[in-house]
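An overview of the molecular structure
What follows is the residue order along each chain.
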Amino acid sequence: MVHTRFCDLLGIRHPIVLGGMGGGATVAALVAAVSNSGGLGILGTSGTDGSKLKAEAEAIRRATDKPFGINHLLFEVDEERFSAALAARPAVASFAWARPDQDLRSYFDRSHEAGCKVMYMGGEVPETVRAAEAGADIIVAQGTEAGGHVAWMASLPLVPMVVQAVAPLPVLAAGGIADGRGLAAALALGADGVLIGTRLLASNESPLHPNFKQAIVRSDGHDTVLTEIPDVAAGRIWPGAMSRALRNDFIQRWAGREWALRQNQRAVAQSVLEARKQGDADNAPLFIGQDAGLIDAIKSAAEIVEGMAAEAEEIIKNRLAVLVRSR
Ligand SMILES: Cc1cc2nc3c(=O)[nH]c(=O)nc-3n(C[C@H](O)[C@H](O)[C@H](O)COP(=O)(O)O)c2cc1C
């Protein structure tokens, strides 16, 4: 079994974490399924409110007695939602995307007082050092291959840089990881585990419309793009990030015409909501990572987590260990 100090820190079986994806991409059923299979499920909170969050956390508790986490996008943190999350006493309070002027320590201290371990995800070394200095317990190094909002550095150089910069804190690698090969590679880079998103969006328990899950299966991973179009369409200003999304009709329609999109923002936002509801994967943004090219079937969260752990173990024991010869 692949076991790291990250597993010990949280009392979990596999060093595999469901990223707290917002906008309804994570729900109690998915979070609980990942935690029940020995990983750590994290619930996203963007787009929800305090009372819905409370209900969702209660649903997770009913479905699992294992540790789980709750995620916060710091630049748009909302006090009612944040207090509701702490009141749920998750094992992990995870954070990402702080504004440069935000005081991380106050959020981290309050999370610690609520009994949570603090996880912070960043895509650049200085950002992760800032979080480590503010008292984070676990750092996530997110490479630009990831789905959703990302920075510019690829995981291969970023992960070891972050491991070194925030030592001795445990680091998780995120971005581009969808199977045991990715987990084994992340461990080789010095990470203590992985945080994944896209792979689990294409799971039975994911709340995505089946057509969006099929779009992930169909993607060859070469068809994603870094773009501001989904944020412009949502009327949202994200601090210093593009998002990685499928280059579908929606993105192609507005590429290079962001000014026109701004002019029509309200109408487009409404049509995106409608397209999402109808499962029209051509006419709404779909945030996915380059690892969509590694995903060829929709599986249960348990199959994904356990399969990933077993494949990484097999690679380390049978493929990598035999490469070492005594001279
Ligand atoms: C649809 C979607 C929504 C996301 N929302 C959030 C979020 O609200 N907070 C966060 O910290 N990360 C968010 N992420 C990023 C994930 O936590 C994670 O870093 C990423 O999915 C890892 O890359 P992968 O998709 O290649 O596995 C989101 C990712 C996706 C695909």
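Quick note: structure is the one above.
Residues numbered from 1 in each chain as written. Predicted model: local features only at pLDDT ≥ 70, side-chain atom pairs only at ≥ 80, totals over all residues. Heavy atoms only, no water.

Let us look at helix α7 (residues 155-166). Compared with the 16 Å implied by 1.5 Å per residue over twelve residues, the 16 Å span of α7 between its first and last C-alpha is a close match. Buried residues of α7: S155, L158, V159, V162 and V166, and no others. Viewed end-on, α7 has its buried residues packed into an arc of 100°, placing them on one side of the element. Away from the buried face of α7 by more than 90 degrees, exposed residues L156 and Q164 are located. Buried residues belonging to α7 abut β5 (117-122), α6 (125-133), β6 (138-142) and β8 (171-174). (Helix = DSSP H or I, 4+ residues; strand = E, 2+ residues; numbered from the N terminus. Expected span 1.5 Å × (residues − 1). Buried < 20%, exposed > 50% of the residue type's maximum accessible area, 1.4 Å probe, protein only. Arc of directions from axis to C-beta. Contact = heavy atoms within 4.5 Å.)

This structure, assessed with the given rule, holds ten salt bridges. Measuring nitrogen to oxygen at the nearest pair gives 3.7 Å for the salt bridge that ties D65 to K66. Note on D65: relative accessible area 70%, which makes it exposed. Judged by its relative accessible area of 37%, K66 is partly exposed. (Salt bridge = Lys/Arg side-chain N within 4 Å of Asp/Glu carboxyl O.)

In strand β9 (residues 193-196), alternate side chains face the same way, and those of G193 and L195 on one face and V194 and I196 on the other are all buried. With three bridges connecting them, β8 and β9 associate as parallel partners. Counted as the bridge partner of A173 is V194 from β9. Taken together, β8, helix α8 (residues 180-188) and β9 constitute a β-α-β crossover, and its handedness is right-handed. (Pairing = 2+ DSSP bridges. Right-handed = clockwise from strand over helix to strand, strands pointing away.)

Another aspect to go through is the sheet that holds strand β2 (residues 41-43). Read from one edge of the open sheet, eight strands run β1-β9-β8-β6-β5-β4-β3-β2, paired in parallel fashion. Unpaired on one side and paired on the other, β1 (16-18) and β2 mark the two borders of the sheet. Averaged over neighbouring strand pairs, the angle between their axes works out to 25° when direction is ignored. Here strand β4 (residues 92-96) runs beside β5; their pairing, made up of five bridges, is parallel. The partner of F95 across the bridge, within β5, is Y120. (Axes fitted to C-alpha atoms, helices over the stretch in contact; angles between N-to-C directions.)

For the coordinates displayed, the defined rule picks out zero disulfides. With no disulfide of its own, C7 has C116 as its nearest cysteine by sulfur position, at a separation of 19 Å. For C7, a relative accessible area of 1% corresponds to the buried category. According to the relative accessible area criterion, C116 is buried, its value standing at 4%. (Disulfide = S-S within 2.5 Å.)

In this section: the site of the ligand. Near the ligand lie 22 residues; those nearest to it are N71, G176, G197, T198 and D291. Between the ligand and the protein, one listed contact pairs an oxygen atom with a backbone N or O atom of G176 at 3.0 Å. Starting from 610 Å² of accessible surface for the ligand in isolation, the protein chains cover 93%. Of all elements in the fold, only β3 (68-73), β9 and α9 (198-201) reach the threshold of two or more residues within the shell around the ligand. Looking at the shell around the ligand residue by residue, the classes come out as nine nonpolar, twelve polar and one charged. (Near = heavy atom within 4 Å. Polar contact = N/O pair within 3.5 Å; in protein donor to acceptor, adjacent residues only side chain to side chain. Areas by Shrake-Rupley, 256 points an atom, 1.4 Å probe, with all protein chains shown as cover. Nonpolar A, V, L, I, M, F, W, Y, C, P; charged D, E, K, R; others polar.)

Here we take up the packing of aromatic side chains. Within this structure, the stated rule accounts for six aromatic pairs. With a centroid separation of 6.2 Å and an interplanar angle of 55°, the aromatic rings of F108 and Y120 are classed as tilted. On the criterion of sequence distance, the pair formed by F108 in helix α5 (residues 104-113) and Y120 in strand β5 is long-range, its members being twelve residues apart. A single burial state applies to F108 and to Y120, both of which are buried. An aromatic cluster is defined as three or more aromatic residues linked by ring pairs; in this entry it consists of F82, F95, Y107, F108 and Y120. (Phe/Tyr/Trp six-rings, centres within 6.5 Å; stacked < 30°, edge-to-face > 60°.)

Quick look at the nonpolar core now. Ranked by internal contacts, the top residues of the largest apolar core, which has 86 residues, are F95, F108, Y120 and I216. With seven residues, helix α15 (residues 301-320) is the largest single contributor of residues to this core. Those residues in contact with F108 that sit more than four places away from it in its chain are F95, V118, Y120, A131, A134, G135 and A136. In terms of nonpolar packing, the next biggest core, distinct from the first, is built from 21 residues, F6, V17, L195 and W238 among them. (Core = buried A, V, L, I, M, F, W, Y, C linked by side-chain atoms within 4.5 Å.)

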